[in-house]
Amino acid sequence: MEKTLAKDIGFWVMLGIGLAVMFIGPMVWGLFEIMQITQYVVLSVYALSLAYIWGFGGILSFGQAAFFGLGAYTFAVASINIGETTVPFALSFLLPAAFGAALGYFMFYGRLSDVYLGVVTMVVTLIFWKLINHTAGPEYSIGAARLGGFNGIPSIPILNVPGDAKAWLDPAQMFQAFMGILIIVYLCLRLIIASDFGRVSVGIRENETRASLLGYDIRRHKVIIFAIGSGIAGMSGAMWATYQTFIDPNAFSMEMSAKALVWVMAGGVGTLAGPILAVILLQWLSLKLGTMHILNNYFILGAILMGLVLLLPRGLLPSLRLLAERLWHLGRQKMDASAASRKATSDV
Amino acid sequence: MDYVLIIVIEMLRAISWLVLLASGLAIIFGMMRVINFAHGEFLMLGGYITIMSHNAGVNLWIAMLVLAPLCVGIFGILVERFIIRFLYGRILDSLLATWGLSLLMVGGVTLVFGNTVQGVSTPLGGVSIGAYQVPFYNFVLIGFAAVLMLAIWSVLKFTKAGLIARATMQNPDMAETLGIRTSWVYMATFGIGSAVTGLAGGLLAPLTGVVPSMGVNFVGQSFITVITGGASMIAGTLSASTLLGTISQGMTFLTGPVYGDAALLLTALVLLRVLPQGITGRIFKKSL
């Protein structure tokens, strides 16, 4: 079972595809495609945040949108106040991570059960959503940035080159920068998962009692995992905000949390590549379905979520892998059987 | 003096509000340790049934007290048979599935009825206490909360069905061995919990009006109440409602309704840090 990162073919394939898309993409695609694919990239980072904490830490968060929104609003407020985007971008990782650690402290040091965890994370998101919706008045402003309530914050600065506040990125450069971030996040998560820390967290996911009897502090582990996931979600929120140059309370919505869950479930819990695949597939699908105007988003999302839980609980990628393995074994068995029967006949 | 009375009534109303919102959820949670994430949409369904049948000419009280619980109860049984049944023992999956159901219901109701607020006027007018005017409907809410708690308690305590339910709650395997069909008990529990939720939805419909996304406004309070209360249906709901209702109402008096929910959550988080199983996980452990 010993499988180091360097020997994992899937990892190199993903890295290769990522780099290829990052460098060749802007040469091949037009502006519209680039904008479209940038959206997939941002949402992939968001999906990875949940894929990590759920798949490799066993923490099922129903409120990933809380951190996504927090990161987005942090970036918006900070960049409007500061006038450049490098420090705000860092803040959009740090602040949600800190908030995640604080929330995680209450949840994991209290040893809350899974159900309670789900409820608490969901309610936190709900309350963020409610609070931010109520900040429409001019009295709710942080520095130069008005929170704007349900109207959202318009004219968020576009990402600039670090150190030069006037050098804004054009869409192709933004795409490359985001693709770079996605690759770095993927790389870092793979490194974390392959490290001792990551192995222990998988051990905790598999059997908490055993891990704690072996002397690992599962509470501290979980808080750290949760904080990392929160930070990444926050960063994706900042990417979303600067990509749209606009953010509204829907960043905190149930829909946003549900999407992350659906992507990770569809892609397969316990994989990183799967959720990215699911983002591309499902976002593309919802774009196609959305133009039909027959069914609304909530309906589709709910149906997919229920369908996945009931029919495909393993997710797309692991199911495909399982299917391939089964077919392979079936083929092998058939061949063995036919070989055996041939042998048998020849013996007779 | 009048002012004090008013405050007491307001507190009681806030507490009964939480009791009504949460008891359907608490029944399901107490029995199966599963939180129905579609709870808000069950409330919404109860509200819609009340308002729609009232608009169709049915007496408001019949719509509220008979039709809403009945329809939502039947809907709950269907949900249990077609979805939840397959997910027993997979708690997280049942959370995910009910959440999917919740989104599906919001979408479905929006498709059917459109995204508009509909309502009826609050019945029964007001009562004056000294210089103040209190809606009489508040007393109806308080009364119903009390009756509901009493009803659940007496059913659990004094009837055969209650005995079976308590046995299943305590030890499902043993109950099964003794010849109880636990899967039917679960189905009935889910149905009754849904019916109670439908009743609550019917009762709150005249106050808030109905809109497909209204569930979101209530699930926060309901979930916090149930998890703070813990697994005992009555003691948990009552103790948590009293504590949280007082706090949220106090917060509302001080700062307005926006921070009431946030205060609730903060209290619940601190409380759960100390009592991870909820209030009844440590205190009132043996109560119903």
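Residues numbered from 1 in each chain as written. Chains lettered and ligands numbered in written order. Predicted model: local features only at pLDDT ≥ 70, side-chain atom pairs only at ≥ 80, totals over all residues. Heavy atoms only, no water.

### Describing the overall build of chain A
Here is step 1 of the chain: Along chain A, the regular secondary structure elements total 13 helices and two strands.
Here is step 2 of the chain: Reported as C-alpha extents along the three principal axes, the dimensions of chain A are approximately 95 × 55 × 45 Å.
Here is step 3 of the chain: By the burial criterion, 49% of the 348 residues in chain A qualify as buried.
Here is step 4 of the chain: In the structure as shown, chain A presents an accessible area of about 16100 Å², 68% of it carried by carbon and sulfur atoms.
Here is step 5 of the chain: The centroid of the 22 positive side-chain charges in chain A is displaced by 8 Å from the centroid of its 17 negative side-chain charges. (Helix = DSSP H or I, 4+ residues; strand = E, 2+ residues; numbered from the N terminus. Buried < 20%, exposed > 50% of the residue type's maximum accessible area, 1.4 Å probe, protein only. Areas by Shrake-Rupley, 256 points an atom, 1.4 Å probe, with all protein chains shown as cover. Lys, Arg positive; Asp, Glu negative; His and termini not counted. Charge placed at Lys NZ, Arg CZ, Asp CG, Glu CD.)

### What to know about the packing of aromatic side chains
Here is step 1 of the chain: The final tally for this structure, using the stated rule, is 27 aromatic pairs over all chains.
Here is step 2 of the chain: Taking the centre distance of 5.5 Å and the plane angle of 85° together, the rings of A:F67 and A:F226 count as edge-to-face. One end of the pair, A:F67, is in helix 3 (residues 64–82); the other, A:F226, is in helix 9 (residues 218–244), and 159 residues separate them in sequence.
Here is step 3 of the chain: For A:F67, a relative accessible area of 1% puts it in the buried group.
Here is step 4 of the chain: An aromatic cluster is defined as three or more aromatic residues linked by ring pairs; in this entry it consists of A:F67, A:Y73, A:F99, A:F108, A:F128, A:F226 and A:F252.
Here is step 5 of the chain: A cation sits over an aromatic face here: B:R181 above B:W184, 4.6 Å from the ring centre. (Phe/Tyr/Trp six-rings, centres within 6.5 Å; stacked < 30°, edge-to-face > 60°. Lys NZ or Arg CZ within 6 Å of the ring centre and 35° of its normal.)

### Here's the deal with the side chain of B:E80
Residues and elements named next belong to chain B.
Here is step 1 of the chain: Structurally, E80 is set in helix 3 (residues 60–82).
Here is step 2 of the chain: Overall, the relative accessible area of 0% leaves E80 in the buried class.
Here is step 3 of the chain: Side-chain polar atoms of E80 contact the side chain of Y88, separated by 2.4 Å.
Here is step 4 of the chain: With near-sequence residues (within four places) excluded, E80 lies in contact with R85, Y88, S183, Y186, M187 and F190. (Polar contact = N/O pair within 3.5 Å; in protein donor to acceptor, adjacent residues only side chain to side chain. Contact = heavy atoms within 4.5 Å.)

### Some details on the domain arrangement of chain A
All names here are of chain A.
Here is step 1 of the chain: By domain assignment, chain A separates into domain 1 (5–313) and domain 2 (315–348).
Here is step 2 of the chain: Averaged C-alpha coordinates put domain 1 and domain 2 at centres separated by 41 Å.
Here is step 3 of the chain: The interface of domain 1 with domain 2 comprises 11 residues on the first partner and six residues on the second.
Here is step 4 of the chain: The contact between domain 1 and domain 2 buries some 580 Å² in all, and 74% of this surface belongs to carbon and sulfur atoms.
Here is step 5 of the chain: Broken down residue by residue, the surface that domain 1 buries against domain 2 is led by A266, T271 and L312, which jointly contribute 48%.
Here is step 6 of the chain: Scanning the region where domain 1 abuts domain 2 turns up zero salt bridges. (Domains from an automatic or database assignment. Buried area = accessible area lost by both parts, 1.4 Å probe. Salt bridge = Lys/Arg side-chain N within 4 Å of Asp/Glu carboxyl O.)

### Re helix 4 (residues 86–109) of chain A
Residues and elements named next belong to chain A.
Here is step 1 of the chain: With 24 residues, helix 4 extends 34 Å between its outermost C-alpha atoms, agreeing within 8% with the 34 Å of an ideal straight helix rising 1.5 Å per residue.
Here is step 2 of the chain: Burial in helix 4 covers these residues: P88, F89, S92, P96, A97, G100, L103, G104, M107 and F108.
Here is step 3 of the chain: Within two residues after helix 4, R111 carries a phi angle of roughly 50°, on the positive side. (Expected span 1.5 Å × (residues − 1).)

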